[in-house]
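# Coordinate analysis (summary)
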Amino acid sequence: MTFSVSSKPLSAQNADLLLLPVFEGEPVSSDIQGLVEKRMKREGFTGKKNTTLLVQTQTEVQNIVLIGMGKDEPNAEDILAFGAIGARKTKAIRGESLAVCIPNGWAVEHIVTGILLGNYSFTKHKNKTLEQSTHIKNVTLLTSADVKENIAYGETIASAVMFARDLVNQSPSQTTPSYLAAIAMDLAKNNKDISCTVLPREEMEKMGGLMGIARGSSQEPKFIHLTYKGGEKVVTLAGKGITFDSGGLSIKSAQGMETMKLDMAGAAVVLAVFSVLPKLKPKITVHGLIPATENMPGPGAVKPGDVVTAMNGKTIEILNTDAEGRVILADALSYAGKHIQSDVIIDFATLTGACMIALGEDVAGLFSNNKDLAAALLKSAKHTGEKVWELPLIEEYKDKLQSHVADIKNIGGKYGGAITGALFIQEFVPQGTPWAHLDIAGPSFTEKDTPLCPHGATGFGIRMILDYLSNR
Ligand code: BES
Ligand code: MN
Ligand code: ZN
């Protein structure tokens, strides 16, 4: 899909579809006003939010889609959705070109990202469908502003999100720990600014948590360490890389397992970020850590009651093998403490169903030991239209993680499960390092089909973390 810019009037456009935002109670400000307002009246279309109207004409542009924007100033989500609906409508009429009317002040990058994400579908495992044979080829953005850089940024962001969606959507027997390691090595091979180490077995043996969870699987675990060097400040990102979560011996129900290929969505965030860092070139250094394994109930599997030792020497009693994410992240954070001088550590993990009970499926939980870091991440999430809500690290609840036989146990009882999960991870954060944990169990995967994302992986968190890293 290629983007170009035109400042010619709307009536001079000859795209298959013209996308036009309409604000409630305001006139349609364009040279085709007369053409559409009659139809709007007839159809009772007022520009109310979440409404659209297709107007077909005998003029150059045959299809005009009016998108109701409501009364308020549109936010990032609204603008993304505007672009995404445009892409969906173009595909629906099997169009190849789209022209987009852009009001002054709108973030063009969001329109570009919205169009690209609206056009996304995961068809790798399907035989040829009609959908695969139609493609939007050209998008013309109607504006007189200089938006070259905004277009490039929007394209870069969308490519990262789609990269992650593909990884998560793919069959989990294909997206294995070794597969993730190969992807990471590839990123390093193709970019001189990135280096990658996949830990040798004897190094990994020091990670009792990761090795313990991996014991029930026939797949080799991998520990991936990516580095991008761009400046003094050091940000370490860690992503949960459970390529399939069966629950292990504390096995999940059949239904509970249906979506558990999503359990490496945190790892996908990290890989997706590295896939675009060489383009965005932020002036910071970024480390990416991915502990990757399956969680399976094979004959060697870790048993409830087993004690494992994380890389920092702390012992963990595993009472529920389905609380595996925190156990492998314990090793990732221990590794960070041992090998990296981080100014900030941020982890992404599809950690708890409890977070979904608390916030619903669309909202990520944010935990942090540092007010400024939490505020910066919330600001970035607002910029990119991703829903994040801060939850508390209640000191007193640490008691829930007391083990009879080890330093800590991996479950904290019935209540406050998202919090006890975060508190467990906090125990492994290097002393004094600002840290944030994003529990993305809910928003990483959608069972609804929305303009911005079809059923499946969403790529949640990538847009906000890229906003944070590139300090926009
Ligand atoms: N991967 C799951 C969390 C999850 C659940 C993500 C649903 C997305 C959708 C995690 O490993 C898990 O199983 N957590 C348990 C923890 C419990 C045993 C303390 C949970 O949430 O039930
Ligand atoms: Mn689990
Ligand atoms: Zn899991």
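First, a word on what this report is: a plain description of the structure on this page. Note that the structure is a prediction, hence the values are computed from the model and not measured.

## Focus on the overall build of the protein chain
Helix and strand counts for the protein chain stand at 15 helices and 20 strands. In terms of overall size, the protein chain behaves like a compact globule, its C-alpha atoms giving a radius of gyration of 24 Å where 472 residues would be expected to give roughly 23 Å. Along the first, second and third principal axes, the C-alpha set of the protein chain runs to 80 × 45 × 45 Å. Within the span of the protein chain, comprising 472 residues, buried residues form 57% of the whole.

## Points about the coordination of the manganese ion (ligand 2)
Within the first shell, the manganese ion (ligand 2) binds the protein through Asp245 (OD), Asp322 (O), Asp322 (OD) and Glu324 (OE), at distances of 2.0 to 2.2 Å. The motif formed by the donor residues of the manganese ion (ligand 2), counted along the single chain, is D-x76-D-x1-E. In this structure, the manganese ion (ligand 2) lies 3.1 Å away from the zinc ion (ligand 3), the two metals sharing Asp245 as a donor.

## Focus on the sheet that holds strand β1 (residues 2-6)
If you trace the 6 strands from one edge of the open sheet to the other, you get β1-β6-β5-β2-β4-β3, paired in mixed fashion. Of all strands in the sheet, those with a lone pairing partner are β1 and β3 (52-56), marking the two edges. When the angles between neighbouring strand axes are averaged without regard to direction, this sheet yields 20°. In terms of strand pairing, β1 meets strand β6 (residues 138-142) through 5 bridges, oriented parallel. Its bridge partner being in β6, Phe3 is matched across the sheet by Val139.

## Remarks on the packing of helix α5 (residues 148-169) against helix α15 (residues 462-469)
Following both chains from N to C, one finds α5 and α15 inclined at 135°, their axes separated by 10 Å at the closest point. The angle between α5 and α15 places the two elements in the oblique class. For the pair α5 and α15, the crossing hand works out as right-handed. Of α15, the residues touching α5 (which contributes Tyr153, Ile157, Ala160, Val161 and Ala164) are Ile462, Arg463, Leu466 and Asp467.

## A few points about the site of ligand 1
Residues in contact with ligand 1 amount to 18 residues; listed here are only the nearest, Lys252, Asp263, Asp322, Glu324 and Gly353. Contacts to ligand 1 include Lys240, whose side-chain N or O atom sits 3.2 Å from an oxygen atom. Note that an oxygen atom of ligand 1 is positioned 2.9 Å from one of the side-chain N or O atoms of Asp245. Against a free-state accessible area of 510 Å², the protein chains account for coverage of 78% of ligand 1. Here the shell around ligand 1 is built from residues that sort into 7 nonpolar, 4 polar and 7 charged.

## Looking at the coordination of the zinc ion (ligand 3)
In the first shell of the zinc ion (ligand 3), the protein supplies Lys240 (NZ), Asp245 (OD), Asp263 (OD) and Glu324 (OE), at 1.9 to 2.4 Å from the metal. In primary sequence terms, the donor set of the zinc ion (ligand 3) follows K-x4-D-x17-D-x60-E.

## Description of the packing of aromatic side chains
Two aromatic rings are characterised by how far apart their centres lie and by the angle between their planes. Tallied over the entire structure, the rule returns 4 aromatic pairs. With 5.1 Å between their ring centres and 90° between their planes, Phe82 and Trp106 make a pair best called edge-to-face. Within this pair, whereas Phe82 is found in helix α2 (residues 76-92), its partner Trp106 is found in the loop between β5 (97-101) and α3 (108-118), the two being separated by 24 residues in sequence. Overall, the relative accessible area of 1% leaves Phe82 in the buried class. Residues Phe223 and Tyr335 carry aromatic rings whose centres are separated by 4.8 Å and whose planes lie at 50° to one another, so their mutual orientation is tilted. Here Phe223 is found in strand β8 (residues 222-228), whereas its partner Tyr335 is found in helix α11 (residues 325-339), with 112 residues between them in sequence. This pair shows no difference in class: Phe223 is buried, exactly as Tyr335 is. Grouping aromatic residues by their ring pairs yields a cluster made of Phe23, Phe82 and Trp106. Here the guanidinium or amino end of Arg165 rests over the ring plane of Tyr120, the centre of that ring lying 5.1 Å away.

Conventions adopted
Residues numbered from 1 in each chain as written. Chains lettered and ligands numbered in written order. Predicted model: local features only at pLDDT ≥ 70, side-chain atom pairs only at ≥ 80, totals over all residues. Heavy atoms only, no water. Helix = DSSP H or I, 4+ residues; strand = E, 2+ residues; numbered from the N terminus. Rg over C-alpha atoms; globule rule 2.2 N^0.38 Å. Buried < 20%, exposed > 50% of the residue type's maximum accessible area, 1.4 Å probe, protein only. Donors = N, O, S within 2.8 Å, 3.2 Å for Na, K, Ca; no water. Pairing = 2+ DSSP bridges. Axes fitted to C-alpha atoms, helices over the stretch in contact; angles between N-to-C directions. Parallel < 35°, antiparallel > 145°, perpendicular 65-115°, else oblique. Left-handed = near helix turned anticlockwise from the far one by under 90°. Contact = heavy atoms within 4.5 Å. Near = heavy atom within 4 Å. Polar contact = N/O pair within 3.5 Å; in protein donor to acceptor, adjacent residues only side chain to side chain. Areas by Shrake-Rupley, 256 points an atom, 1.4 Å probe, with all protein chains shown as cover. Nonpolar A, V, L, I, M, F, W, Y, C, P; charged D, E, K, R; others polar. Phe/Tyr/Trp six-rings, centres within 6.5 Å; stacked < 30°, edge-to-face > 60°. Lys NZ or Arg CZ within 6 Å of the ring centre and 35° of its normal.

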